[in-house]
Every structure is written in C-alpha cells, then in structure tokens.
Amino acid sequence: MKPSFVHLRLHTEYSLIDSVVRIGALMDAVRAEGMPAVALTDQCNLFAMVKFYRAALERGVQPIIGVDLLLSEPDEKQGPSRLTLLCQNLAGYQNLARLVSRAYLEGQSAAAVPLVDRAWLDRASTAGLIALSGAHEGDVGRALLREREQQAEQALAFWCALFDDRYYIELQRVGRPEERAYLPAALRLAAQRGVPVVATNDVRFIAADDFESHESRVCIHDGALLADASRTRRYTQQQYLRSATEMSVLFADLPEALANTVQIARRCSLQLTLDQPRPPDYPVPVRS
C-alpha cells in the first residue's frame with residue numbers, strides 16, 4: 001500500500017511552550033498508523049533531534065529533521081512570521097544548525113525569543129533545505145489575510161527565488177477562524193504562480209483527548225489560568241496526530257496537497273552519524 005500522508009509540522013515537548021508530544025509515544029503512534037516518516041519541527045531549536053532520530057530508526061520510521069523558525073519583521077507590532085525548514089541532507093542540516101545558533105547569538109528579541117533575520121538567508125545559507133510557508137502565520141499568509149495581494153506576491157517571489165522548487169505553500173484545516181479566508185486566497189495564489197501546496201496539521205499533541213493537558217502546558221508558559229475565559233486561545237482540539245485516513249478525508253478535494261507530503265519526505269534523506277565523539281580542533285600555539 002502506497003503511503004498517502006506524512007506529518008511535516010510537529011512540535012514535541014522540547015518546544016517548551018506549546019506541545020505535550022513525547023517522542024517515544026509519538027513514534028509508537030506513527031508506527032501503529034503505518035506512516036513511513038514523520039518530521040520534527042520544534043520551535044527555534046534542535047534539542048530533540050538525537051532522541052527523535054534514534055527513536056524513529058528503532059521503529060523503522062524515516063526521521064525528517066526540521067525547525068519552525070521565527071523571522072523578524074520590519075513592523076515589530078505584527079510580531080515575527082513563521083517559516084519551517086526541513087533538512088534534505090547533511091549540508092541542509094549544517095545550514096539549519098548555523099541559522100538556529102545565530103538566532104540565539106544575534107537574534108534575541110526583547111521578549112527573549114530567538115529570531116532569524118531575513119538578511120541571513122541567501123542561496124548558500126538555505127542550500128539543502130525545503131521550506132514550508134507557515135500557512136496563515138507566514139509572511140505570505142499574513143498578506144493574504146490582510147487582502148494585500150501585491151505584498152503576498154512579492155513575498156512569494158522572494159521565497160521562490162531563494163528556494164526554487166523547494167518552497168511549498170502550506171495549507172491547514174484545524175478549525176482556526178483564519179482558515180476560511182486564508183485557504184481560498186492561498187490556493188488562488190499558488191495556482192497563479194505555479195507553486196506547490198502541502199497539507200499539514202500543525203501537531204501539538206498525539207490524541208484529541210490530550211488537548212486539555214496541552215492547554216494546561218500553554219497556560220503555565222503564558223502565566224494564565226486555564227479557567228480564564230478571556231485568555232488568548234491559539235490552538236484547537238484538532239491539532240492532534242491525525243491518521244493518514246483522516247487527513248485524506250479532510251483534504252479529499254486537494255489530493256496534491258497530500259501527495260506533496262510524501263514527495264517532500266522522499267526528498268529528505270539526512271543521515272547522521274551518532275555515538276562518535278568529535279571534539280573541536282582548536283589550534284594550539286607551539287612554544288619555541
């Protein structure tokens with residue numbers, strides 16, 4: 001049976017702010033569903049990478065390594081936009097590691113959030129990486145929601161020039177109110193510009209019943225009360241590890257968005273060598 005869907009946007013508990021996904025339970029669920037691969041895209045970090053990579057291989061699942069990055073924007077009132085990068089190979093991983101490290105060293109915002117400066121992104125620093133647009137939280141999606149089509153086209157042109165055929169417009173159906181306006185606008189733009197689309201479920205917990213524990217985690221981070229009716233609610237109960245069958249039903253009208261998840265997984269073939277210590281090679285001055 002051919003695979004029909006691969007999860008490409010997923011935060012684990014190592015995102016620290018918004019997920020209760022534990023890696024062992026995740027891999028057991030992925031294997032039980034017969035999914036051939038799954039991506040790790042924690043926010044602004046690679047903390048879980050080694051544990052995730054090992055657990056995936058132990059269960060016969062292809063690990064896809066990535067990061068959900070926050071990009072600084074000229075208008076600070078808007079807040080940072082999102083871009084997810086997935087490693088195709090070792091060169092891509094090294095580039096991603098450099099970007100994340102630089103974000104912590106040079107991109108710390110006033111809110112102590114590591115941000116990536118758009119000026120750091122060029123064809124060399126993004127080689128070996130596949131980009132997902134960030135759906136309604138990416139710069140293209142934000143422009144579409146504000147009905148600024150020219151701005152959306154300019155943003156899309158920037159990313160396509162940078163990534164060529166490695167940039168995908170991301171589509172989500174998790175019950176957010178923004179989706180009603182975003183999806184038709186994103187599909188129209190993708191068709192006009194010939195840019196591929198991809199479906200994600202923005203996973204934050206494994207089962208739908210885990211939503212309350214996830215919200216508790218979010219409240220702890222935000223310093224909010226779970227029972228506070230006025231608190232900001234950024235997530236929905238649909239952000240669980242949906243099965244391939246559920247995703248196929250959800251995106252039955254957009255089979256290409258499902259097929260592209262499998263295509264992206266096939267384009268990613270990062271192989272890591274673990275358990276071999278490699279101390280840094282510091283030059284040592286020679287005394288005469």
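Residues numbered from 1 in each chain as written. Predicted model: local features only at pLDDT ≥ 70, side-chain atom pairs only at ≥ 80, totals over all residues. Heavy atoms only, no water.

Before going further, it helps to spend a moment on the overall build of the protein. Scanning the protein from N- to C-terminus turns up nine helices and six strands. In summary, the protein has a C-alpha radius of gyration of 19 Å against a globular reference of 19 Å for 288 residues, a match within 12%. For the protein, buried positions account for 51% of its 288 residues. Contacts in the protein between residues at least 24 apart in sequence constitute 75% of all its contacts with a sequence separation of at least 6. Accessible surface for the protein amounts to roughly 14,300 Å². Of this, 52% is attributable to carbon and sulfur atoms. The distance from the centre of the 32 positive side-chain charges to the centre of the 35 negative ones in the protein is 3 Å. (Helix = DSSP H or I, 4+ residues; strand = E, 2+ residues; numbered from the N terminus. Rg over C-alpha atoms; globule rule 2.2 N^0.38 Å. Buried < 20%, exposed > 50% of the residue type's maximum accessible area, 1.4 Å probe, protein only. Contact = heavy atoms within 4.5 Å. Areas by Shrake-Rupley, 256 points an atom, 1.4 Å probe, with all protein chains shown as cover. Lys, Arg positive; Asp, Glu negative; His and termini not counted. Charge placed at Lys NZ, Arg CZ, Asp CG, Glu CD.)

So, about the pattern of salt bridges. Counted under the stated rule, the structure contains 19 salt bridges. Ionic pairing is found between aspartate 139 and arginine 118, a salt bridge with its closest N-O pair at 2.8 Å. Placement of aspartate 139 in helix H4 (residues 139-145) and of arginine 118 in the loop between helix H3 (90-106) and strand S4 (129-132) is noted, with a sequence separation of 21 residues between them. Of the charged contacts, one joins aspartate 202 and arginine 204 as a salt bridge, the two residues approaching to 2.8 Å between their closest N and O atoms. By relative accessible area, which is 2% here, aspartate 202 ends up buried. (Salt bridge = Lys/Arg side-chain N within 4 Å of Asp/Glu carboxyl O.)

A surface patch of nonpolar side chains, amounting to about 310 Å² of accessible area, comprises Leu16, Phe47 and Tyr104. Following the sequence through the fold, phenylalanine 47 ends up in the loop between strand S1 (37-40) and helix H2 (49-58). (Patch = residues over 30% accessible without salt bridge, like charges linked within 9 Å, V, L, I, M, F, W, Y side chains within 5 Å.)

Let's shift gears to the sheet that holds strand S2 (residues 62-71). Strands sit in the order S1-S2-S3-S4-S5-S6 across an open sheet of six strands; the sheet is mixed. This sheet does not close on itself; its edge strands, each paired only once, are S1 and strand S6 (197-199). When strand polarity is set aside, the average angle formed by the axes of neighbouring strands in this sheet is 35°. Bridge count between strand S5 (residues 167-171) and S6: three bridges; the pairing is parallel. Bridge pairing links glutamate 170 to valine 198 in S6. Here helix H6 (residues 179-193) sits on the sheet and contacts S5 and S6; the angle it forms with S5, its principal contact strand, is near 155°. (Pairing = 2+ DSSP bridges. Axes fitted to C-alpha atoms, helices over the stretch in contact; angles between N-to-C directions.)

We now examine the pairing of S2. Summarising burial for S2: nine of the ten residues are buried, a large majority. By the bridge criterion, four bridges tie S1 to S2 in an arrangement that is parallel. Residue pairing in the sheet places leucine 40 in a bridge with isoleucine 65 of S2. The sheet contact formed by S2 and strand S3 (residues 81-87) spans six bridges and is antiparallel. What sits directly across from leucine 70, in S3, is arginine 82.

We now examine the packing of aromatic side chains. Enumeration according to the criterion identifies four aromatic pairs in this entry. Measuring from ring centre to ring centre gives 6.2 Å for tryptophan 159 and phenylalanine 163, while their planes differ by 35°; the resulting arrangement is tilted. Of this pair, tryptophan 159 and phenylalanine 163 both sit in helix H5 (residues 149-163), four residues apart, roughly one helical turn. Grouping residues by exposure puts tryptophan 159 and phenylalanine 163 together as buried. Pairing phenylalanine 205 with phenylalanine 211 gives two aromatic rings, centres 5.7 Å apart and planes at 55°, and the pair type is tilted. (Phe/Tyr/Trp six-rings, centres within 6.5 Å; stacked < 30°, edge-to-face > 60°.)

Nothing here speaks to function; it is geometry throughout.
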